[in-house]
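# Summary of the model geometry
So the chains spell out like this:
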Amino acid sequence: MTKIIPLSSKKKLQLKTKIKVNNVEIGGDKLIIIAGPCSVESREQILDIAEYVKGKGAAILRGGAFKPRTSPYSFRGLGRVALEYLLEAKKRTGLSVITEIMSIHELEYMYDYVDIFQVGSRNMYNYDLLEVLGAQKKPVLLKRGLSATVEEFLMAAEYVLLKGNSNVILCERGIRTFETSTRNTLDINCIPVLKEKTHLPIFVDPSHAAGNKHYVLPLALAAIAAGADGIMVEVHNNPGKALSDGEQSLDYKMYERLVFEISKTFKNITI
Ligand code: PEP
Ligand code: MN
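Below you will find a few notes about this structure.

Thresholds, definitions, all that
Residues numbered from 1 in each chain as written. Chains lettered and ligands numbered in written order. Predicted model: local features only at pLDDT ≥ 70, side-chain atom pairs only at ≥ 80, totals over all residues. Heavy atoms only, no water. Near = heavy atom within 4 Å. Polar contact = N/O pair within 3.5 Å; in protein donor to acceptor, adjacent residues only side chain to side chain. Areas by Shrake-Rupley, 256 points an atom, 1.4 Å probe, with all protein chains shown as cover. Nonpolar A, V, L, I, M, F, W, Y, C, P; charged D, E, K, R; others polar. Donors = N, O, S within 2.8 Å, 3.2 Å for Na, K, Ca; no water. Helix = DSSP H or I, 4+ residues; strand = E, 2+ residues; numbered from the N terminus. Buried < 20%, exposed > 50% of the residue type's maximum accessible area, 1.4 Å probe, protein only. Arc of directions from axis to C-beta. Contact = heavy atoms within 4.5 Å. Axes fitted to C-alpha atoms, helices over the stretch in contact; angles between N-to-C directions. Parallel < 35°, antiparallel > 145°, perpendicular 65-115°, else oblique. Left-handed = near helix turned anticlockwise from the far one by under 90°.

Turning our eyes to something else, we now look at the site of ligand 1. In the region of ligand 1, the neighbouring residues are C38, R62, K67, E100, Q118, G120, S121, R122, K143, R173, H208 and E234. Within the contact set of ligand 1, an oxygen atom lies 2.8 Å away from a side-chain nitrogen or oxygen of R62. Considered on its own, ligand 1 offers 290 Å² of accessible surface; in the complex 97% of this is hidden by protein. Residue classes in the shell around ligand 1 are distributed as one nonpolar, four polar and seven charged.

Moving on, we come to the coordination of the manganese ion (ligand 2). Those protein atoms acting as donors to the manganese ion (ligand 2) are C38 (SG), H208 (NE2), E234 (OE) and D245 (OD), and they sit at 2.0 to 2.4 Å. If you list the donors of the manganese ion (ligand 2) from N- to C-terminus, the spacing comes out as C-x169-H-x25-E-x10-D. Of this pair, E234 sits in strand β10 (residues 230-234) while D245 sits in the loop between β10 and α9 (252-265), and the two are eleven residues apart along the sequence. Summarising the burial analysis for this pair, E234 and D245 share the class buried.

Moving on, we come to helix α6 (residues 190-197). Along α6, the positions that sit buried rather than exposed are C190, I191 and L194. Buried residues in α6, looked at end-on, bunch into an arc of 100°, giving them a common side. Turning to α6, the residues buried within the fold contact α5 (150-162), β8 (168-172), β9 (202-204) and α8 (213-225).

In the contact formed by helix α4 (residues 127-134) and α5, the axes pass within 6 Å of each other and the chain directions differ by 40°. One element, α4, and the other, α5, form an angle in the oblique class. In the packing of α4 onto α5, the handedness of the crossing is right-handed. Contact residues: α4 offers Y127, L130, E131, L133 and G134, while α5 offers A156, Y159 and V160. Residues belonging to the contact of α4 with α5 are distributed by class as follows: six nonpolar, one polar and one charged.

Shown next as structure tokens:
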């Protein structure tokens, strides 16, 4: 039997994949920062955060409308109305919007509201969802499964690519290990490994890896040093009152410091 070369492989395509999202190029020369709250909690909250991060390094606004929570008793997102607020934030700031899609049933409805579809860690193995996203053209940011190997991660991306959508961004967000001092363990290793194997852009989410806002800055710097094309960080106007992931969300001052430290540390990188 002939060996199949995956579409994500550098053996298939030597040139790095660059993804254009409105005025932003992902996988190009600039480091892309995705910033915003874990969840959209109100119109005021998302507009405030969007206005704040705009012009402070962020190229893309994140905010969950449908939240995959470990406990069904936790806040699970505002749902469809959050998409309206995200769209308003986009119109006001010019920032492109990424939000998580959890089900194939939401695709049609969500389509006009989002610039990038996020597939969360818990859905990395949802092959139906991956194939549906592969059959449309908007970019997909695929988060690594909670305990997925690099090979499984790449094969999940393959489900999207195989249906014809070549705009896939991989996002390392920490994996489950025996270590309990942080929420997850950021697998820095996977960055050079993925860079060797694939032409797809690679992002890192230090917020979900750390689970603690104080670790986000060093992990972000480490990710960039290892070659990440971008980072995704949770930022909140009042982390102490956040309805989800407050402990790992940067407040405005910490976010500004993060952007400052990135520019200071990596003089050859433009944000
Ligand atoms: C998120 O980005 O808010 C999220 C739920 O992340 P993950 O899927 O990586 O847990
Ligand atoms: Mn979160």
